[in-house]
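The residues making up each chain are set out below.
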4 protein chains.
Amino acid sequence: MRVRFAETDAQGIAHHASYLVWFETARIEYLRRFDGGYPGLRQQGIEATTSEVHVRYRQPAEFDDSLVVHTRCIDLRGARFRYEYVVERDGEAIADGWTGHACVDAKTMRPTRVPGWLVEAITAAESAAP
Amino acid sequence: MRVRFAETDAQGIAHHASYLVWFETARIEYLRRFDGGYPGLRQQGIEATTSEVHVRYRQPAEFDDSLVVHTRCIDLRGARFRYEYVVERDGEAIADGWTGHACVDAKTMRPTRVPGWLVEAITAAESAAP
Amino acid sequence: MRVRFAETDAQGIAHHASYLVWFETARIEYLRRFDGGYPGLRQQGIEATTSEVHVRYRQPAEFDDSLVVHTRCIDLRGARFRYEYVVERDGEAIADGWTGHACVDAKTMRPTRVPGWLVEAITAAESAAP
Amino acid sequence: MRVRFAETDAQGIAHHASYLVWFETARIEYLRRFDGGYPGLRQQGIEATTSEVHVRYRQPAEFDDSLVVHTRCIDLRGARFRYEYVVERDGEAIADGWTGHACVDAKTMRPTRVPGWLVEAITAAESAAP
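This write-up is about the structure you can find in this document. All values derive from a computational prediction rather than experimental measurement.

Here the focus is the overall build of chain A. Each helix and strand counted, chain A has three helices and four strands in total. Going from N to C terminus, chain A has its helices and strands arranged as α-α-β-β-β-β-α. Along the longest, intermediate and shortest principal axes, the C-alpha atoms of chain A span 45 × 35 × 20 Å. A burial count over chain A gives 55% of its 130 residues as buried. Intrachain contacts of chain A at a sequence separation of at least 6 include 61% that bridge at least 24 residues. Accessible surface, chain A: about 5,900 Å² in total, of which carbon and sulfur atoms supply 47%.

Below, the structure is given as structure tokens:
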């Protein structure tokens, strides 16, 4: 993805909150491979809430930089799961982080297990990854 | 309201999309006077959609500038209504604009008349304004 | 571009301010064809400010919608120029708008003519367009 | 501060990236007490960069919620400092977090010590806090 002008701030760099939006975009692209992805989950009445985030900024990103966000899903347990991220520019890691999530029933907002088909699909995908 | 650092961009000024957020904040403060305001409208199953926006930028706003957004509701007709805005800094108008809206049923998203009590309250408020 | 989750609001649709960010992204992609594009302009000490925006929303955009933003530059005159936009989803126009801009000297922030090479390049590109 | 409508997402709650903007706003208000605050620092040629952020979300915040963000500066050492935050609604903590920062020379972007007057002022303020 490219750093949008609207994502920069008066320091001339991408605002630090933008990384959470990029992480989210990466999660959604990650889930897209699986049976309808995040929109599919939502149609099944399941929401994924964000319970914790952590980002380390190593080098600033600038307007129009072309970035690659690597992500993988780790620690799927019951209703909870986590993602890890590395943001790269020209092959150099400029930031990394992780986010914690929980599946909830969209009506009651109470925790609900990650659907079995998704656990299996993600586990298979991650075990096949290099 | 004060210009947030996150609202600035790499030109060192408030990003032009921020003004629409300030307009929205001003609309919500405007409606707060009336019977539960915008949250109240939503609880009655009515959503206000935005159908058109227009902004003229005269002077840039900078980080930490203290701004006042003047707004008034005009042209209430059936399901439709409009707001006008002037953004002031130290008594000088630095931007102005207007937005067009329509009330819709939150379930069907079809147009529905602005509730009578709100029409009356706004008309009374605006006719009392200097 | 795809509608990001962070761009949606509690009405379940893309927030109306997001369209200005999409317009900006489209402008930058449009300029990318010409000699360094917008980053190139900035390196030459020229900033493009936004002086006016107008958007008409016809149909709401939803999370994960795949949108195409058509844009073209019109009315290049002295320091000023305008862009027109149409936002399409599945070939249907769901919004349109225009934005007005002025080139300024990045140091003095005073108006400066759009560089001749850019006027010629844009005029050639637009006259070649269908 | 009140949760803005633009800060909500299609889950009907405040988007998790918004909290970083609220934290930033709280830092700026915190610094406002000291000799020109953050704008003052910037005028002295010092930028404060963000090197790390962490947020835990306990309860979702909703549109128009009135929130209080408590913050304090901790661990001032050389060029580095940290802030802690608690976000409260009606006296209940709904989120907390911390952010790490470094002072840099605005021209070279190299680390520079937090100005002595600011260290002293913050230390005095924090030791006086209950």
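Next up on the list: the interface of chain B and chain C. Often, the extent of an interface is quoted as the loss of accessible area upon association of its parts. Taken together, the contact pairs 23 residues of chain B with 23 residues of chain C. At the boundary of chain B and chain C, one finds zero salt bridges. Our count for the chain B to chain C interface comes out at 17 residue pairs in polar contact (both at pLDDT 80 or more). If you list the elements that add at least two residues to the side of chain B that touches chain C, you get helix H1 (18-32), helix H2 (37-43) and strand E1 (46-57) of chain B. Broken down by element, the side of chain B that touches chain C gets its largest block of residues, eleven residues, from E1 of chain B. The residue makeup of the side of chain B that touches chain C, split by class, is ten nonpolar, seven polar and six charged. The sheet contact formed by E1 of chain B and strand E1 (residues 46-57) of chain C spans five bridges and is antiparallel. Paired with His-54 of chain B across the two strands is His-54 of chain C, which belongs to E1 of chain C.

What follows is about the pattern of salt bridges. When charged atoms on two side chains of opposite charge get close, those side chains can pair. Taken as a whole and judged by the stated rule, the model has 45 salt bridges over all chains. The residue Asp-64 of chain C makes a salt bridge to Arg-2 of chain C at a minimum N-O spacing of 3.6 Å. With a gap of 62 residues between them, Asp-64 of chain C in the loop between E1 and strand E2 (68-77) and Arg-2 of chain C in the segment before helix H1 (18-32) connect regions that are remote in the sequence. Judged by its relative accessible area of 36%, Arg-2 of chain C is partly exposed. Arg-82 of chain C is the partner of Asp-75 of chain C in a salt bridge, and the nearest nitrogen-oxygen pair spans 3.6 Å. Among the charged side chains, a network of salt bridges with common partners joins Arg-2 and Asp-64 of chain A together with Glu-29 and Arg-32 of chain C.

Taken together, the 23 residues of chain D in the interface contact 23 residues of chain A. Summed over both partners, the interface of chain D with chain A comes to about 2,000 Å²; 54% of that surface belongs to carbon and sulfur atoms. At the surface where chain D touches chain A, the tally comes to zero salt bridges. Across the chain D-chain A interface, the total number found is 17 residue pairs in polar contact (both at pLDDT 80 or more). Among the elements of the structure, helix H1 (18-32), helix H2 (37-43) and strand E1 (46-57) of chain D are those that each provide at least two residues to the side of chain D that touches chain A. Here the side of chain D that touches chain A gets eleven residues from one element, more than from any other, and that element is E1 of chain D. Considered class by class, the residues forming the side of chain D that touches chain A number ten nonpolar, seven polar and six charged.

Turning to the relation of the copies chain B and chain C, a few remarks are in order. Once chain B has been moved 0.0 Å along the axis and rotated by 180°, it coincides with chain C to within an RMSD of 0.0 Å. On the angle and the small slide along the axis, the relation comes out as a two-fold axis. Taking C-alpha positions as the reference, the residue of chain B nearest the rotation axis is His-54 of chain B, at 2.2 Å. When the interface residues of chain B are mapped onto chain C, 100% of them are again interface residues, pointing to one common binding face.

Note on the copies: chain D fits chain A at an RMSD of 0.0 Å, the axial shift is 0.0 Å, and the rotation between them is 180°. When the interface residues of chain D are mapped onto chain A, 100% of them are again interface residues, pointing to one common binding face.

Across all of its chains, the model carries four cavities of 30 Å³ or more by this definition. There is about 900 Å³ of room inside the largest cavity. Looking at the largest cavity, it is lined by 29 residues, and the ones nearest its centre are Ala-6 of chain A, Ala-6 and Val-21 of chain B, Ala-6 of chain C together with Ala-6 of chain D. Those elements that provide at least two residues to the lining of the largest cavity are helix H1 (18-32) of chain A, H1 of chain B, H1 of chain C together with H1 of chain D. Residue classes in the lining of the largest cavity are distributed as twelve nonpolar, nine polar and eight charged. Looking at the second largest cavity, its volume works out to about 60 Å³. Lining the second largest cavity are Leu-31, Leu-41, Ala-48, Cys-73, Leu-76, Phe-81, Tyr-83, Cys-103, Val-114, Leu-118 and Ile-122 of chain D. If you list the elements that add at least two residues to the lining of the second largest cavity, you get strand E2 (68-77), strand E3 (80-89) and helix H3 (116-128) of chain D. The class makeup of the residues in the lining of the second largest cavity is eleven nonpolar, no polar and no charged.

Rules and cut-offs
- Residues numbered from 1 in each chain as written.
- Chains lettered and ligands numbered in written order.
- Predicted model: local features only at pLDDT ≥ 70, side-chain atom pairs only at ≥ 80, totals over all residues.
- Heavy atoms only, no water.
- Helix = DSSP H or I, 4+ residues; strand = E, 2+ residues; numbered from the N terminus.
- Buried < 20%, exposed > 50% of the residue type's maximum accessible area, 1.4 Å probe, protein only.
- Contact = heavy atoms within 4.5 Å.
- Areas by Shrake-Rupley, 256 points an atom, 1.4 Å probe, with all protein chains shown as cover.
- Salt bridge = Lys/Arg side-chain N within 4 Å of Asp/Glu carboxyl O.
- Polar contact = N/O pair within 3.5 Å; in protein donor to acceptor, adjacent residues only side chain to side chain.
- Nonpolar A, V, L, I, M, F, W, Y, C, P; charged D, E, K, R; others polar.
- Pairing = 2+ DSSP bridges.
- Buried area = accessible area lost by both parts, 1.4 Å probe.
- Least-squares fit on C-alpha atoms with pLDDT ≥ 70 in both.
- 1 Å grid on protein atoms, 1.4 Å probe; cavity = no way out; pocket = protein on both sides within 12 Å on 5 of 7 lines; lining within 4 Å.
- Points joined across faces, edges and corners; volume = space filled by probe spheres on them.

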